[in-house]
Amino acid sequence: MALDKATVARIAALARIKVPDSELDALAGALSKILTWVEQLDAVDVSGVEPMVAVTHARPPLREDKVTDGGIRDEILANAPETTDGFFVVPKVVE
Amino acid sequence: MSLIGLTIGQARDQLRRKAITARELAEAYIKAMAVARPLKAYLVETPDRALAAAKQSDARLQKGNSLPLDGVPVAVKDLFCTEGVETTAASKILAGFVPPYESTVTANLWRNGALMLGKVNLDEFAMGSATITSARGPTENPWRRRGDNRPLVPGGSSGGSAAAVAARAALAAIGTDTGGSIRQPASFCGIVGLKPTYGRCSRWGIVAFASSLDQAGPMTRDVRDAAIMLQAMAGHDPKDATSALLPAPNFEAAVGQSIKGMRIGIPKEYRLDGMPTEIEALWRRGIEWVKAAGATTVDISLKMTQYALATYYIIAPAEASSNLARYDGVRFGLRVPGETLEELYENTRGQGFGAEVRRRVLIGTYVLSAGYYDAYYLKAQKVRALIARDFDEAFKSCDAMLTPTAPSAAFAIGEKMDDPIAMYLNDVFTVPVNLAGLPGISVPAGLSAEGLPLGLQVIGKAFDEETVLRVAAVLEDAAKFDAVPAFVAGAP
């Protein structure tokens, strides 16, 4: 699959990554090359094959339904770039 | 033999006999770590922490109630969260992140008496095979080609771990392996690297790359040390639902056991066109060694091998794009301001991720996006099922498999850098093992014509690390690999 510049810009927007306009062409080339390479899987017949969604065959254990964590607001906020009054701060999102 | 020349097994005996102290061993490694700075393996050195832990180890050793890893200085891949010590995954986007918690695997090590020397370099978010995508710059391999002083890559992504152990700047290290990131650098640096079965070690507190493939493991001077380290690292963790409920067997007891009568599978699809003849010759020697030890070899077929890399390069980026969604500039790490919240996200991620990480997140986003999910991601999951089925079938006629670890020796910093796919081919022999969730080990088995280490890989059935270790120890005994890198941090 050859991706054009517009498609790469759309994927970048979906991934929330700002890509400068000047880099879109080169990136489209690199991504197209990788996608073309992985398309070799088209040659594999997978009819009737169930997708492998996990490695472990065993059913994961269930733990007791009780609170095991919490009350650590300050630790959680300690690494935030900006906080105020015990909250994360982001640019205004409501009009 | 100097202190930094000892293995864990040897140091443990000397510590218990009180021939040496944990403090002496820690001081020797703190010095070695400083001497090895030109390799740029360590991102953070934590000598005070190491000395404080050594003091506690010495107190226990004095009283004769020592722990299994008392006094063992370990280098930690900077992908494991360490409480109070900066953890960056070698990414700009996590610069300054100081975890308020400790990963389960590292907590297990410290609980067993090991001490942390520092955090070591890796490819950014463990995405790479040469430790050149690190935002902190590349780590150098302590080995050099004969008559050529150009710096070589240590492999990756656990390149800092491998370089530190090879250069005697850590007694052991821990790494993570998503597609070969423990085994390939171990091969490039002439050390042992063990990727346990998926689920053997908890992934809790490890910066996530591809959650269905990631697994932590030890990187050590010999096979016994890998068994000793794994013992301390492994076990069920309620905080990781994918960690197995199985009790860990006595791994060290497997080392030195006979492989007489064992059936060793030789997968014919691993004989690649254009594979260097010295890799082929190394593999043949390995086959002779296991036969001489009383095992028989069996020709087996893993017919989907040629599709493993393409499968991996859909599944791993897909999982990565999801896992890396958390880096948003709001809760931790880098923030690049924007007018709106959307812009803040885009600016932060645009500047915070390096080129390889950005490529993989975009590929992952694309293969998971509406209209392409079935064609790429679902298809890859189905091929993955066929790859796993190949291994299940093959293990009906063998107990373990023997292959080369990597298709080449270490290459120079700068080589293979402009073509991502050429770089991906490094992992052709290791990636299928992750896709199937199996254990694999790399053992140094010889030198290339240029004087660089080459590893052999042993692959085992799920949760049968004991057989993997048994075969690996036989290879180690036969190979008698005693070559020393060009750079070591003091007399070996």
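Calculation rules
Within each chain, residue numbers correspond to sequence positions counted from 1 in written order. To label them, take the chains in the order written and letter them from A, then take the ligands in the order written and number them from 1. The predicted origin of the model limits local features to residues at a pLDDT of at least 70 and limits the giving and counting of side-chain atom pairs to 80 or more, whereas totals for whole chains, interfaces and linings rest on all residues. Side-chain descriptors were evaluated using all non-hydrogen atoms of the structure, hydrogens and water having been removed beforehand. Two rings from Phe, Tyr or Trp (for Trp, the six-membered ring) form a pair when their centres are within 6.5 Å of each other. A pair whose planes differ by under 30 degrees is stacked, one over 60 is edge-to-face, and the rest are tilted. Strands are runs of DSSP state E lasting at least two residues, helices are runs of H or I lasting at least four, and both sets are numbered from the N terminus onward. Think of it in three bands: residues with accessible area under 20% of the maximum for their type are buried, residues over 50% are exposed, and the middle band is partly exposed, with areas taken using a 1.4 Å probe on protein chains only. Two conditions define a charge located above a ring, namely a distance within 6 Å from the ring centre to NZ of Lys or CZ of Arg, and an angle within 35 degrees of the ring normal. By definition here, a helix of n residues has an expected span of 1.5 Å times n minus one. Only heavy atoms matter for contacts: two residues are in contact if any of them lie within 4.5 Å across the pair. In this description, buried area is defined as the sum, over both parts, of the accessible area (probe of 1.4 Å) that is lost when the two are combined. Any Lys or Arg side-chain nitrogen located within 4 Å of an Asp or Glu carboxyl oxygen qualifies as a salt bridge. In the analysis that follows, any N or O atom pair within 3.5 Å is treated as a polar contact, provided that within protein one partner can donate a hydrogen and the other can accept it, and provided that, for residues neighboring in sequence, both atoms belong to side chains. Note on pairing: two strands pair once DSSP finds at least 2 bridges between them. By convention, a crossover is right-handed whenever its connection, traced from the first strand over the helix to the second and viewed with the strands pointing away, goes clockwise. Only residues above 30% relative accessible area that lack a salt bridge enter a patch, with like-charged residues linked at up to 9 Å and the nonpolar side chains Val, Leu, Ile, Met, Phe, Trp and Tyr linked at up to 5 Å. Method for areas: the Shrake-Rupley scheme with a 1.4 Å probe, in which residue coverage is limited to the protein chains shown. Axis definition: a line fitted to C-alpha atoms, over the contacting stretch in the case of helices. Angles run 0 to 180 degrees between N-to-C directions. On a range of 0 to 100, pLDDT expresses the predictor's confidence in each residue. Take the buried residues of types Ala, Val, Leu, Ile, Met, Phe, Trp, Tyr and Cys, join any two whose side-chain atoms come within 4.5 Å, and each joined set is a nonpolar core.

(A) Representation of the packing of aromatic side chains in the model. Applying the stated rule across the entire model yields 15 aromatic pairs over all chains. When the ring of Trp 37 of chain A is compared with that of Tyr 424 of chain B, the centres are 6.0 Å apart and the planes differ by 45 degrees; the resulting orientation is tilted. In this pair, Trp 37 of chain A is assigned in helix 2 (residues 21-38) and Tyr 424 of chain B in helix 13 (residues 420-424), connecting two distinct chains. Across the pair, Tyr 424 of chain B and Trp 37 of chain A agree in class, each one buried. Consider the rings of Tyr 327 of chain B and Phe 332 of chain B, whose centres lie 6.0 Å apart with planes at 65 degrees: the pair is edge-to-face. The same class applies to Tyr 327 of chain B as to Phe 332 of chain B, namely buried. Taken together, the ring pairs in this structure connect Phe 97, Phe 125, Tyr 327, Phe 332 and Phe 353 of chain B into an aromatic cluster. In this arrangement the basic side chain of Lys 239 of chain B is found over the ring face of Trp 204 of chain B, its NZ or CZ atom lying 3.9 Å from the centre. One Lys or Arg, Arg 271 of chain B, reaches over the ring of Trp 283 of chain B and ends 4.5 Å from the middle of that ring.

(B) Examining helix 8 (residues 277-292) of chain B more closely. Residue and element names in this part refer to chain B. The terminal C-alpha atoms of helix 8, which comprises 16 residues, lie 22 Å apart, in line with the 22 Å expected from a rise of 1.5 Å per residue. Every buried residue of helix 8 is accounted for by Ile 279, Glu 280, Leu 282, Trp 283, Gly 286, Ile 287, Trp 289 and Val 290. Looking at the buried residues of helix 8, the elements they touch are strand 7 (263-267), strand 8 (296-300), strand 9 (400-404), strand 10 (440-447), strand 11 (453-460) and helix 15 (465-479). Phi turns positive, to about 100 degrees, at Gly 294, one or two residues after helix 8.

(C) The arrangement of the interface of chain B and chain A in detail. Listed by partner, the interface residues are 65 residues for chain B and 51 residues for chain A. Carbon and sulfur atoms make up 72% of the surface buried where chain B meets chain A, a total of about 4,900 Å² over both sides. Considering only the side of chain B, the residues that lose the most area to chain A are Arg 358, Leu 362 and Tyr 366 of chain B, jointly responsible for 13% of the buried surface there. At the junction of chain B with chain A, the criterion picks out four salt bridges. Between Lys 33 of chain A and Asp 419 of chain B there is a salt bridge, with the nearest N and O atoms lying 3.3 Å from each other. Scanning the region where chain B abuts chain A turns up 14 residue pairs in polar contact (both at pLDDT 80 or more). Those elements that place two or more of their residues in the side of chain B that touches chain A are helix 9 (308-323), helix 10 (341-352), helix 11 (355-368), helix 12 (373-394), helix 13 and helix 14 (431-436) of chain B. With twelve residues, helix 12 of chain B is the largest single contributor of residues to the side of chain B that touches chain A.

(D) Spatial organisation of the pairing of strand 8 of chain B. Residues and elements named next belong to chain B. Two strands pair when backbone bridges link them, and strand 7 and strand 8 are joined in this way by five bridges, in the parallel orientation. Bridging across to strand 8, Gly 265 finds its partner in Val 298. Considered for its hand, the β-α-β crossover made up of strand 7, helix 8 and strand 8 is right-handed.

(E) Just a nonpolar patch on the surface, in detail. Residue and element names in this part refer to chain A. A cluster of nonpolar residues, Ile 72, Ile 76 and Phe 88, forms a patch on the protein surface that exposes about 230 Å² of accessible area. Within the secondary structure, Ile 72 sits in the loop between helix 2 and helix 3 (73-77). Classification of Ile 72 as partly exposed rests on a relative accessible area of 31%.

(F) Local environment of the sheet that holds strand 11 of chain B. Residues and elements named next belong to chain B. If you walk across this open sheet you meet the eleven strands as 1-3-2-4-6-5-10-11-9-7-8, and the pairing is mixed. Only two strands of the sheet have a single partner each, and these edge strands are strand 1 (42-45) and strand 8. The sheet shows a mean angle of 30 degrees between the axes of neighbouring strands, direction not considered. In this sheet, strand 3 (residues 115-120) lies alongside strand 2 (residues 73-77) in parallel orientation, the contact comprising five bridges. Within strand 3, the position partnered with Pro 73 by the bridge is Leu 115. Strands in contact with helix 2 (residues 22-35) are strand 1, strand 2 and strand 3; relative to strand 3, the strand with the most contacts, it is inclined by about 15 degrees.

(G) Seen up close, the confidence of the model for chain B. When pLDDT is averaged across chain B, the result is 97; 99% of the residues are at 70 or more. Here the predicted complex carries an ipTM of 0.96, next to a pTM of 0.97.

(H) A look at helix 7 (residues 223-233) of chain B. Residue and element names in this part refer to chain B. Most of helix 7 is tucked away: nine of the eleven residues are buried. Three or more residues of helix 7 are buried, namely Val 223, Asp 225, Ala 226, Ala 227, Ile 228, Met 229, Leu 230, Ala 232 and Met 233. One side-chain oxygen at the N-terminal end of helix 7 lies 3.4 Å from the backbone nitrogen of Arg 224; it belongs to Asp 222. Just beyond helix 7, the residue with positive phi is Gly 235, at close to 130 degrees.

(I) Inspection of the nonpolar core at higher detail. Counting 199 residues, the largest nonpolar core has Tyr 42, Leu 109, Phe 125 and Phe 391 of chain B as the members making the most contacts within it. If we skip the residues at most four places from it in the chain, Tyr 42 of chain B touches Met 33, Ala 75, Leu 117, Gly 118, Lys 119, Val 120, Ala 164, Ala 169 and Ala 170 of chain B.

(J) Examining the pattern of salt bridges more closely. Within the structure shown, the criterion is met by 27 salt bridges over all chains. Across the salt bridge formed by Glu 342 of chain B and Arg 16 of chain A, the nearest N and O atoms sit 2.9 Å from each other. Separated into two different chains, Glu 342 of chain B in helix 10 and Arg 16 of chain A in the loop between helix 1 (5-14) and helix 2 make up a pair that spans both. Residue classification places Arg 16 of chain A among the partly exposed residues on the basis of a relative accessible area of 30%. A salt bridge links Glu 465 of chain B to Arg 200 of chain B; the nearest nitrogen and oxygen atoms lie 2.8 Å apart. Here Glu 465 of chain B, found in helix 15, pairs with Arg 200 of chain B, found in the loop between strand 5 (192-195) and strand 6 (216-220); they are 265 residues apart in sequence, far enough to count as distant. The pair Glu 465 of chain B / Arg 200 of chain B is uniform in exposure class, with both members buried. Each of Arg 12, Arg 224 and Glu 252 of chain B takes part in a single network of salt bridges with overlapping partners.

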